[in-house]
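Architecture and fold: a report
So you can see what is in the structure, the chains are spelled out below.
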Amino acid sequence: MEIIPAIDLRGGNCVRLYQGDYEQETVFSDDPLGVAERWQAEGGQRLHIVDLDGAHSGNPANLAAITAITRTLTIPVQVGGGIRSADTAAGLFDAGAARVVVGTAAVSNPELVEELCRRFGSERVVVALDARDGLVAIRGWTETSAITATDLAQRMADLGVVRLLYTDISRDGTLEEPNYEATAALVRDSGLSVLSAGGVGAAEHVGRLVPTGAEAAIIGRALYTGDITIGEAVGAAQNM
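Here the structure is a predicted model, which is why all the values come from computation and not from measurement.

1. Digging into the packing of aromatic side chains
Per the stated rule, a full pass over the model turns up two aromatic pairs. For the ring pair Trp39 and Tyr224, a centre distance of 5.4 Å and an interplane angle of 80 degrees mean the geometry is edge-to-face. Of this pair, Trp39 sits in helix H1 (residues 32–41) while Tyr224 sits in helix H10 (residues 221–225); the two residues are 185 residues apart in sequence, bridging distant segments of the chain. Judged by relative accessible area, which is 16%, Tyr224 ranks as buried. Ring centres of Phe93 and Phe120 lie 4.9 Å apart, and the angle between their planes is 50 degrees; this geometry places the pair in the tilted category. With a gap of 27 residues between them, Phe93 in helix H4 (residues 86–94) and Phe120 in helix H6 (residues 110–120) connect regions that are remote in the sequence. The exposure classification of Phe93 matches that of Phe120, with both residues buried. Taking the ring centre of Phe93 as reference, the NZ or CZ of Arg124 above it sits at 3.9 Å.

Put into structure tokens, the structure is as follows:
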């Protein structure tokens, strides 16, 4: 299982939200590139970047910071937040992103997801299923749709999607542990590769994610707080 450290950008800073609440923000660094270089040096196998301003507004707002990171790091970088058009995705690929992560558009404009898979290749497109009480949240988690994560996963598979990023919003930023049952169910029912995000706060949590079949664990707050190191996470993933 791959270990992917996360950087959430807001106003040019590295921040973390609690359960997706923009009013419960903690700023961890004003040097995103420095943090990215640290995560790579410590053994991160891929970097996950979320442009929170972009997710909220619908247009990428931290492109300069993202480009600085993608052009400096040697590990692949996936980027999400505000990708509502093929041109925006193309711009991120031009900036060096290896994958784009699409959330809101998967619900509001599934034709875009199909276009991205066809134009750039399914391996370069990740669909984010951010769920609150089983229902998919959109627009930077500020709105909850009427679509279940399982239903959206099936719709996306029909469009050519091969990889999902699943986040249980109630666990995000809590360090309490991931939602193992929901992750395993999504892996089983969708038949797609699933990246798990939200709730990792200890090496034990990573180890318990392995049997769910998740392809990767995305870790954010716990790295910043020191509750877990990337080396510990990689070790837990490999020792199961």
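2. Things to note about the confidence of the model for the protein chain
Looking at the protein chain as a whole, its pLDDT mean stands at 89, while 90% of the residues score no less than 70. At the level of individual helices and strands, the protein chain shows its lowest average pLDDT in strand E3 (residues 21–29), which scores 69, and its highest in strand E5 (residues 77–80), which scores 97.

3. Focus: the pattern of salt bridges
Summed over all chains, the structure comprises six salt bridges. One salt bridge in this structure joins Glu2 and Arg46, with 3.2 Å as the shortest N-O distance. Taken together, the residues span a long stretch of sequence, with Glu2 in strand E1 (residues 2–10) and Arg46 in the loop between H1 and strand E4 (47–51) at a distance of 44 residues. The class for Arg46 is buried, based on a relative accessible area of 12%. The residue Glu177 makes a salt bridge to Arg208 at a minimum N-O spacing of 3.2 Å. Within this pair, whereas Glu177 is found in the loop between strand E10 (163–168) and helix H8 (180–190), its partner Arg208 is found in helix H9 (residues 203–209), the two being separated by 31 residues in sequence.

4. Considering the environment of Ala202
Checked against the element boundaries, Ala202 lands in the loop between strand E11 (193–197) and H9. Along the chain, Ala202 and Ala131 lie 71 residues apart, while their C-alpha atoms are 22 Å from each other.

5. With respect to the nonpolar core
Core analysis: the biggest nonpolar cluster contains 63 residues, and Ile3, Ile7, Leu47, Leu129, Leu164, Val206 and Ile219 have the highest contact counts within it. Setting aside anything within four residues of it in sequence, one finds Val206 in contact with Met1, Ile3, Val200, Ile219, Ile228, Ala233, Ala236 and Ala237. Residues Val126, Ala128, Leu195 and Ala197 belong to the second largest nonpolar core, which totals ten residues.

6. Considerations on the pairing of E5
Burial of E5 is two-sided: the residues Val77 and Val79 facing one way and the residues Gln78 and Gly80 facing the other way are all buried. Strand direction decides the pairing type here: E4 and E5, joined by four bridges, are parallel. Paired with Leu47 across the bridge in E5 is Val77. Relative to strand E6 (residues 99–102), E5 runs parallel, the two being bridged by three bridges. Each bridged residue has a counterpart across the sheet, and for Gly80 the counterpart in E6 is Val101. In this fold, E5 hands off to H4, which returns the chain to E6; that crossover is right-handed.

7. Remarks on the packing of H4 against H6
Between two packed helices, what matters for the description is the angle formed by their axes and the separation of those axes. Two elements in contact, H4 and H6, have axes whose closest approach is 10 Å; the angle formed by their N-to-C orientations is 40 degrees. Accordingly, the angle class assigned to the pair H4 and H6 is oblique. In the crossing of H4 with H6, the sense of the turn from one axis to the other is right-handed. Between H4 and H6, the contacting residues are Ala86, Asp87, Ala89, Ala90 and Phe93 on the first element and Leu112, Glu115, Leu116, Arg119 and Phe120 on the second. Here the contact of H4 with H6 is composed, by residue class, of seven nonpolar, no polar and three charged.

The rules behind each value
Residues numbered from 1 in each chain as written. Predicted model: local features only at pLDDT ≥ 70, side-chain atom pairs only at ≥ 80, totals over all residues. Heavy atoms only, no water. Phe/Tyr/Trp six-rings, centres within 6.5 Å; stacked < 30°, edge-to-face > 60°. Helix = DSSP H or I, 4+ residues; strand = E, 2+ residues; numbered from the N terminus. Buried < 20%, exposed > 50% of the residue type's maximum accessible area, 1.4 Å probe, protein only. Lys NZ or Arg CZ within 6 Å of the ring centre and 35° of its normal. pLDDT = per-residue confidence, 0-100. Salt bridge = Lys/Arg side-chain N within 4 Å of Asp/Glu carboxyl O. Core = buried A, V, L, I, M, F, W, Y, C linked by side-chain atoms within 4.5 Å. Contact = heavy atoms within 4.5 Å. Pairing = 2+ DSSP bridges. Right-handed = clockwise from strand over helix to strand, strands pointing away. Axes fitted to C-alpha atoms, helices over the stretch in contact; angles between N-to-C directions. Parallel < 35°, antiparallel > 145°, perpendicular 65-115°, else oblique. Left-handed = near helix turned anticlockwise from the far one by under 90°. Nonpolar A, V, L, I, M, F, W, Y, C, P; charged D, E, K, R; others polar.

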